[in-house]
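# Residue-level structural notes
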Amino acid sequence: MNLKKILFLAIFIIALPLHAEQLTGRVVAISDGDTLTILDRSKKQIKIRLGEIDTPESRQSYGSKAKQELSDLAFGKAVTVEVQAIDRYKRTVGRVYVGEVDVNAELVKRGAAWVYRKYVKDYSLFDLEREARTNKRGLWNLPEAERVPPWEWRKNKVKQR
């Protein structure tokens, strides 16, 4: 084999995406704005945490609205989950799709979620967040004092204990 062929094969192999695990099922429960449960073909329930985004907590401003947005997008629907990880609570973390709709991105676009800075991999989500903020969609229409990112809100709640 000549050097050009070896180089081509090496680049081709490196460029191949790793086969990501996918799950499919029907959404049977919505826990909050960024967590849902699917029922797969074997009738197993799997809790899914939407990756790369974070929505207001239930007791935060816009928390119940974020949950409703996720419900509108996914409840009762067939979904595909591109698995990214398993979190410390044993939830599957991933990108959720209803057909061609990327639910994670759509929540950011609607202003129902922040990009989760600590875990973001898809930097195009920042463009969607900026657009939602500029157009005062969803939580971006709240008074500034009520727009506390959930990771900061959780941290402050722990300090108050």
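Our subject is the structure that appears above.
Attention in this report is confined to the structure presented alongside it. No experiment lies behind these values; they were computed from the predicted model shown. (Residues numbered from 1 in each chain as written. Predicted model: local features only at pLDDT ≥ 70, side-chain atom pairs only at ≥ 80, totals over all residues. Heavy atoms only, no water.)

## Section: the overall build of the protein
Counted only if it meets this: Only runs of H or I of at least four residues qualify as helices and only runs of E of at least two qualify as strands under DSSP, and these elements are numbered from the N terminus. Note on classification: 1.4 Å probe, protein chains only; a residue is buried when its accessible area is under 20% of the maximum for its type, exposed when over 50%, partly exposed between these limits. Any two residues whose heavy atoms approach within 4.5 Å are treated as being in contact. Here the Shrake-Rupley method, with its probe set to 1.4 Å, supplies the accessible areas, and only the displayed protein chains count as covering residues.
Secondary structure summary: the protein contains 5 helices and 8 strands in total. When its helices and strands are written in sequence order, the protein yields α-β-β-β-β-α-β-β-β-α-β-α-α. For the protein, the residues scored as buried account for 40% of the 161 residues in total. Long-range pairs, those at least 24 residues apart, make up 57% of the contacts in the protein with a sequence separation of at least 6. Only carbon and sulfur atoms are counted for the fraction: they give 54% of the accessible area of the protein, which is about 10,200 Å².

## Digging into the pairing of strand 2 (residues 35–39)
Quick note on the threshold: Pairing between two strands is assigned when DSSP locates at least 2 bridges connecting them.
Taken across its 5 residues, strand 2 has 4 buried, putting it largely inside the fold. In this sheet, strand 2 lies alongside strand 1 (residues 22–32) in antiparallel orientation, the contact comprising 5 bridges. Counterpart to Ala29 in the pairing with strand 2 is Thr37. Connecting strand 1 to the next strand, strand 2, in antiparallel fashion are 2 residues. Examined bridge by bridge, strand 2 and strand 3 (residues 45–50) share 5 bridges and lie antiparallel to one another. If you follow Leu39 over to strand 3, its bridge partner there is Gln45. Following strand 2, the chain reverses through 5 residues before pairing antiparallel with strand 3; Lys43 in that reversal takes a positive phi of roughly 70°.

## Some points on unusual backbone geometry
Where the residue is not glycine, phi is negative for most of them; where a peptide bond is considered, it is trans in most cases. For Lys43, which is not glycine, the phi torsion reads 70° and is therefore positive. What makes Lys43 exposed here is its relative accessible area of 63%. Its identity as a non-glycine residue notwithstanding, Glu52 has a phi of 70°, on the positive side. Given a relative accessible area of 4%, Glu52 falls into the buried group.

## Looking at the layout of surface pockets
To be explicit about the condition: Buried and open spaces are told apart on a 1 Å grid over the protein atoms alone, a cavity being a set of points where a 1.4 Å probe fits but cannot get out and a pocket being an open set with protein on both sides within 12 Å along at least five of seven lines. Residues with an atom within 4 Å of a point are the lining residues. Grid points are joined across faces, edges and corners, and a volume is the space filled by probe spheres set on the points. For this classification, the nonpolar set comprises Ala, Val, Leu, Ile, Met, Phe, Trp, Tyr, Cys and Pro, the charged set comprises Asp, Glu, Lys and Arg, and every other residue, Gly included, is treated as polar.
In this structure, the largest pocket spans a volume of roughly 740 Å³. Lining of the largest pocket is provided by 28 residues; of these, Arg49, Arg91, Tyr116, Tyr119 and Arg154 occupy positions nearest its centre. Within the lining of the largest pocket, the residues separate by chemical class into 9 nonpolar, 6 polar and 13 charged.

## Looking at the side chain of Asp87
Note the cut-off: Two N or O atoms form a polar contact when they lie within 3.5 Å of each other; inside protein one atom must be a possible hydrogen donor and the other a possible acceptor, and for residues adjacent in sequence the pair counts only when both atoms belong to side chains.
Within the secondary structure layout, Asp87 lies in the loop between strand 5 (78–86) and strand 6 (92–98). A distance of 2.7 Å separates a polar atom in the side chain of Asp87 from a polar atom in the side chain of Arg91.

## Structural notes on the pattern of salt bridges
Condition: The salt bridge definition used is simple: a Lys or Arg side-chain nitrogen within 4 Å of an Asp or Glu carboxyl oxygen.
As enumerated under the stated definition, the model contains 15 salt bridges in all. Close ionic contact of Arg95 with Glu52 constitutes a salt bridge, the shortest N to O distance being 3.0 Å. With a gap of 43 residues between them, Arg95 in strand 6 and Glu52 in the loop between strand 3 and strand 4 (53–54) connect regions that are remote in the sequence. Per residue, the accessibility class of Arg95 equals that of Glu52, and both read buried. Taken together, the shared-partner salt bridges connect Asp34, Arg49, Asp54, Glu57 and Arg154 into one network.

## Notes on the pairing of strand 3
Pairing geometry for strand 3 and strand 6, over 3 bridges, is parallel. Paired with Arg49 across the two strands is Val93, which belongs to strand 6.

Everything listed here is a matter of coordinates, which is why it stays silent on function.
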